[in-house]
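Reading the structure
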Amino acid sequence: MLPIILKKRQKVLIVGAGRACEIKLKVLSRIECDITIVADQFLCELPSDCTKINKTFDQLDYEFFQPFDLIYIAIKLDDTTMVEKLYQTKMINVLSNPALSNFIHPCTRDDNDIMVSVNSVGKPNPKRACGYANRFMEYKPTIKDL
């Protein structure tokens, strides 16, 4: 794992607008980014500053993905051909199949003083990772404790 913090404003694409998108939007709301969401149905409430495109994943061509820095696929995929092609040049995260992803978005918590990111090693377990991140934030020592 290479822990990094992205400093440049990211252009983010989320494919799908259901529960997984809603969870990802909570995480992404903590960083400055331009978010575009592509879906054939918008099942969750979206922030007003998101760009919405009403299409299916299959309707998107390779060129469509080029402006984006981070791509989250929040739908089940039957055909992974496009993902395999994007994997070569884009940062892509397939929520339903982490084996197709070339990056993992760890559970992150911050309080404007410190940031803690936790990822489960081996078998993905986001709930467990977030539980640890929350506990670490509760434990955070004060300056006088150091």
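Residues numbered from 1 in each chain as written. Predicted model: local features only at pLDDT ≥ 70, side-chain atom pairs only at ≥ 80, totals over all residues. Heavy atoms only, no water.

1. A look at the sheet that holds strand β2 (residues 33-39)
The sheet built from five strands is open, its strands ordered β3-β2-β1-β4-β5 with parallel pairing. The strands lining the two open edges of the sheet, one partner per strand, are β3 (51-54) and β5 (91-94). Adjacent strand axes in the sheet meet at a mean angle of 15 degrees when their direction is disregarded. Looking at chain direction, strand β1 (residues 10-15) and strand β4 (residues 70-73) are connected through four bridges and run parallel. Each bridged residue has a counterpart across the sheet, and for Val15 the counterpart in β4 is Ile73. (Pairing = 2+ DSSP bridges. Helix = DSSP H or I, 4+ residues; strand = E, 2+ residues; numbered from the N terminus. Axes fitted to C-alpha atoms, helices over the stretch in contact; angles between N-to-C directions.)

2. Re the environment of Ile92
In this fold, Ile92 is placed in strand β5. Residue Ile92 is classed as buried on the basis of its relative accessible area of 0%. Each C-alpha atom, one on Ile92 and one on Asp69, is 8.7 Å from the other, the two residues being 23 residues apart in sequence. Filtering out sequence-adjacent residues up to four positions away, Ile92 remains in contact with Ile71, Ile73, Val83, Leu86, Tyr87, Leu100, Ser101, Asn102 and Phe103. (Buried < 20%, exposed > 50% of the residue type's maximum accessible area, 1.4 Å probe, protein only. Contact = heavy atoms within 4.5 Å.)

3. Brief notes about the pattern of salt bridges
This model, assessed by the stated rule, comprises five salt bridges. Among the salt bridges present, the one from Asp69 reaches Lys8, with a minimum N-O distance of 3.1 Å. Taken as a pair, Asp69 in the loop between α2 (62-65) and β4 and Lys8 in the segment before β1 lie far apart in primary sequence, 61 residues in all. By relative accessible area, Asp69 is classed as partly exposed at 21%. Among the salt bridges present, the one from Asp34 reaches Arg9, with a minimum N-O distance of 2.9 Å. Remark: Arg9 occurs in the segment before β1 and Asp34 occurs in strand β2; sequence separation between them is 25 residues. Assessed through its relative accessible area of 35%, Asp34 is described here as partly exposed. Through salt bridges with shared partners, one network takes in Arg9, Glu32 and Asp34. (Salt bridge = Lys/Arg side-chain N within 4 Å of Asp/Glu carboxyl O.)

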